[in-house]
Every structure is written in C-alpha cells, then in structure tokens.
There are 2 protein chains.
Amino acid sequence: MSSRQAFIPHPASAGPGQGLSPVVRGRAVTRTSDRVYDELVSAIRELRLVPGASLSETDLAERLHVSRTPVREALARLADAGLVHVVPQVGTRVGLIGLRDVEEARFVRESLEISAFEVACEGSAPDVSTLRELLERQEHSYRTEDYNAFFAADEALHGEIFNLSGYPGAWQAVQRTKLQLDRLRRLVLPDLAAVRVLIDEHRSIVDALEATDIAAGRTLISRHARRAIELAPSLRARYPDYFTD
Amino acid sequence: MSSRQAFIPHPASAGPGQGLSPVVRGRAVTRTSDRVYDELVSAIRELRLVPGASLSETDLAERLHVSRTPVREALARLADAGLVHVVPQVGTRVGLIGLRDVEEARFVRESLEISAFEVACEGSAPDVSTLRELLERQEHSYRTEDYNAFFAADEALHGEIFNLSGYPGAWQAVQRTKLQLDRLRRLVLPDLAAVRVLIDEHRSIVDALEATDIAAGRTLISRHARRAIELAPSLRARYPDYFTD
DNA sequence: GCCAGTGCACTTGTATGCAAGTATGCTGAT
DNA sequence: ATCAGCATACTTGCATACAAGTGCACTGGC
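Since the model is a prediction, treat every value here as computed from it, not as a measurement.

Our next topic: the relation of the copies chain A and chain B. Superposition record for chain A on chain B: RMSD 0.2 Å, screw rotation 180°, translation along axis 0.0 Å. Accordingly, the operation relating the two chain copies is best matched by a two-fold axis. A high fraction, 100%, of the interface residues of chain A reappear at the interface in chain B, so the copies pair face to face through one surface.

This is the structure in structure tokens:
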C-alpha cells in the first residue's frame, strides 16, 4: 500500500497511534450511522484524522467493521458540516483548516458569547455555581496535565454561559462553526502555560459575570476568543500541510 | 421564477404522480442525492411540505423516480439540520416549528447581524450600492406583489450586510439556524402591509450603515429581527398543528 | 531516454435485497 | 358490545451488487 498515513494520532503526542476504534456490529440500540458519525467527528476534532488525509469509504467501512451505507451517510453529514470534502469518482479528504473559516468562527463565537453574556447579566445575580465547579475541574485538569479533560471542561464552561443566557441552542450554532477552531486549539494544546492563561481568563470572565460587569465581560471574552487565533501563523509555519486560506 | 411543482401540497392528499423534477435516472451531472436534498429543503422552507407531515423513504423515492439510497442520504442531512425527525422503524416527519428554536434563531441573527453591522462601519464609508439595488428590487417586488422575489431580495440584503463586514461565512451560520424562522415568515408573508414595513426598515438600516451610525443600526436591526417573532402567537393560534414549544 | 497510449485498480454513486421493529386493523372469544 | 390476541403491512437500518468515472502505473514504440 502507498501512503497509509490516514490515521496518524496527534502529531505532537508520541503515544502509540490508535486509529479509529472499531464500531462493534450487533444489536444496535443506537444507529450504526450515528456511531460512525460520532467516531469520525471526534477523530477529526482530535486530529487522529489529520487535515488533508484521504478517506476511503470501503477502507473506513472495513476498518469500522460496518458496510459502506452507514459510512456514506456519516460522510454526507460531515461534508455538510464542511469537515470533509467529497469529489465524486475521485475521493474524500478531511478538510484543511481554513484560516478564513477560523477567523469567521472567531467572529461568530465572540459575537454570540458576548451577547449571551449580556443577556445572562440582565436578570438578577446569575447562578455561577456550575461555572465555579467547571473552573475547579479545569484546575484539576491543569494539575494532572489532562488535556482532554481540560478541553471537555472548557467546552462545558462556554456552553454554560449560553445556558445561563437562556439560549442554549445558540451554543450548538457556535459549535458547528467552531470545529475548525477546535482543530487549531488541538495543535496548541500540549502547552501547560497556555492552559494556565486560559483558565485565568475563564476565571476573570466568571468573575465579571457574577458582578454583572458587562463592559468587563465584553473585553475579556473578546480577548479570550482571539487568544487561539493569534497562534495561527506559527502553527501554520509548523504544520503547513494542514492549513489553507 | 424557477418554482418547481409542489409534490406534496398536504400530507392527506396523496394524489397520483405529482410530477417531480425530471430526474433522469442514470446519467447525472449533479448528484441525485444533492438534487433530492435541495428539493426537500426548498419544499420544507416554502411549506409545500408542512410541519408535521410524515415522509416515507419509499414514497419519496418513487415520487422522485430515484432509489431509496439518495433519499436516505438527503434525509440524514436534513435530520442533522433539524428540519426532519427520524424515528427508527417508525417513520420520518417534517419537524414542527419550535417556538423556542425560533426565539434562539432570532437571538443568533440579531447578535451576528449587529456585530456585522458594527464591523462594516469600522472602515471608511461602506459601499452600499448593492444594498440600494436590493432595496429597489424589493420595491419592485412590492409593487408587483411578488412575494417570492421579495423573499429572495430580503435574503440577499441581509447576506450583503455580512459580505460588507468581511465575514460572509457568518451568514451561512445564521441561515442554518434561521430555517425555522423562515417557515414562520412564510406563514405571514402574504401581507402587503407587512412587506411595506419590512422594506422601510431595510431602508432605515441601509441609511444607518451609510452614515456609519452604529447606535441607530443596533436599534433598527434589533427591532427588525423581532418583527417576525411578534406575530408568532397569532400564527400559532391560526395553525396550531404546525407549532410546538 | 522519453513520450504516448492503454489497461487496471480504485474511487464514489446508485439500486436492490434482506432484516428487524412498530403500528394498525382484523378476527375471535368472552 | 368489548377486549385480547395476532397477522399483516409499513417503516427505517444495514449489507451487498452493479455502474460509471478518474487517476496512475505499466508497456510498447520511437
């Protein structure tokens, strides 16, 4: 076989590369198509499937021990989300990280999160207990250097802000466009100092929310949202094949 | 206008062979799956497929003169977008208009459009020539009472605001969440007076943009975004079967 | 050595067959 | 008349077979 580098793990992690975990076929309480979709999304987000990697329906099917049908349905949804590109009769590739898409995701996220912050401040004192708890989880992840746990708690914290605003669905809208940005953050994640900064920013945002200080919130969220992006140039220099305009 | 034939006016009337788009089986430049998807999206948006209508893969397949496979892929993408709901081994239905989803779509749209407005004002005097042209098209649609043309020009105008902001992709993000709201507007659209109000509001927004009056833009866009929603209660009273919380 | 041409291997797109689950309506008994 | 039980038709999920197009490598000729 030629370049079978479709399932490289994280480019920076030296751990043994585990590809896609096979989806067990059998009595399905959940649909196989959904499992394949979830598996592919997480694989792309976690860069186990690197940008530009060529996918093959038949290859994925036998790798996941399913037929092509559910794989095709999952790929159709992924193509709809812009995570993969399908060229008929030619092939399917994992989409590259588009810097323009990343910048637009930043715009969407910053705008909506600031708006959610403002709405959350409008009522009386918002309940920040869940946010405090998530901050604790992040601190724990920082101490144990568990990047995956931090990543999950990070997601949950920003989602909680939308919950407090009363528009939890808006967070789903953000996440759709944010997938490009997530991959960027994955590249920079194994940096303990950067995680320290992010947690501190999170705490400041939570403090501002508790004080219903809208002006501070706007500034903090804006700066926080632009944090990941400012590293894009150096990351592109390090992984040029993963990026595009 | 390229208004295709409605293939399902109402779920109860299962008339014979309501001709679909002439989908020639076999030789196809565009993928059958995509054509089916586009057809279904427009049918749902234009309420030719009413909320709650039950769909059947086999029925759609023979109606469109294709096999179930492309229909299934289209439905999978539609389910991902929240336009249809698939219950395994039970059936597929067009999603109801969720008032909560509508309100969240309003939030997303208002937030992003205001942000785009602000960014578009940041530079020097923005080029509003395209917007003026779209306003003229809307006036023409108003005079000829061509609601479909007005709907299209309305879409284009709001999209142009995002173009001027430099974040055209954000408009795509809005449109995804806005589908619920579009159906609501379809219900209220055949009202000439309402169209008159909308056009006037559009003109005010364009004026504010040309004058780079951010404060006015915020107020105008906010009011404009809430315009469609304020009719939701009466619409729900009129079409109770189409709505849900 | 180089280039043109061709065949093959691989890709995705589509159609069809089969399996499993659910709702419905009919039938028979009480 | 009413209700329990069952057969049947209909639904979606999955696997497989076939079709069509593309790129590439190999081969033959120059």
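From this point, the discussion proceeds with the structure in view.
A positive phi is found at histidine 65 of chain B, a non-glycine position, where the angle reads about 60°. Inspection of the secondary structure puts histidine 65 of chain B in the loop between α2 (57-64) and α3 (68-80).

Our next topic: the packing of helix α2 (residues 57-64) of chain A against helix α3 (residues 68-81) of chain A. All names here are of chain A. Two elements in contact, α2 and α3, have axes whose closest approach is 9 Å; the angle formed by their N-to-C orientations is 115°. The chirality of how α2 crosses α3 is right-handed. Within the contact between the two elements, α2 uses Glu57, Thr58, Leu60 and Ala61 and α3 uses Arg68, Val71, Arg72 and Leu75. The class makeup of the residues in the contact of α2 with α3 is four nonpolar, one polar and three charged.

Attention now goes to the pairing of strand β3 (residues 91-94) of chain B. All names here are of chain B. Here β3 shows a buried face lined by Thr92 and Val94 and an unburied face lined by Gly91 and Arg93. Two elements, strand β1 (residues 54-55) and β3, share two bridges in a ladder whose sense is antiparallel. Bridging from a neighbouring strand, leucine 55 pairs with threonine 92 of β3. Alignment of strand β2 (residues 84-87) against β3, held across four bridges, turns out to be antiparallel. The partner of valine 87 across the bridge, within β3, is glycine 91. Hairpin connection from β2 to β3: three residues lie between these consecutive antiparallel strands, with glutamine 89 at a positive phi of about 65°.

What counts, and where the lines are drawn
- Position numbers for residues start from 1 in each chain and track the written sequence from start to end.
- Here every chain gets a letter starting at A, and every ligand a number starting at 1, in the order they are written.
- Totals for whole chains, interfaces and linings use every residue, but because this is a predicted model, local features are given only for residues with pLDDT of at least 70 and side-chain atom pairs only at 80 or more, for both listing and counting.
- Note that water and hydrogens are dropped before the side-chain values are worked out from all heavy atoms of the structure.
- In this comparison the copies share one frame, found by least squares on the C-alpha atoms of residues holding pLDDT of at least 70 in both.
- The contact criterion used is simple: two residues touch if any of their non-hydrogen atoms lie within 4.5 Å.
- By definition, any uninterrupted DSSP run of H or I lasting at least four residues is a helix, any uninterrupted run of E lasting at least two residues is a strand, and each is numbered from the N terminus.
- Each axis is a line fitted through C-alpha atoms, and for a helix only the stretch in contact is used; angles between axes span 0 to 180 degrees, taken between their N-to-C directions.
- If you view the pair so one helix is near and one far, a crossing is left-handed when the near helix is turned anticlockwise from the far one by less than a right angle, and right-handed when it is turned clockwise.
- When residues are grouped by polarity, Ala, Val, Leu, Ile, Met, Phe, Trp, Tyr, Cys and Pro land in nonpolar, Asp, Glu, Lys and Arg in charged, and all others, Gly among them, in polar.
- Only protein chains enter the accessibility calculation, which uses a 1.4 Å probe; a residue is then buried when its area is under 20% of its type maximum, exposed when over 50%, and partly exposed in between.
- Strands pair, by our definition, only if DSSP identifies at least two bridges between them.

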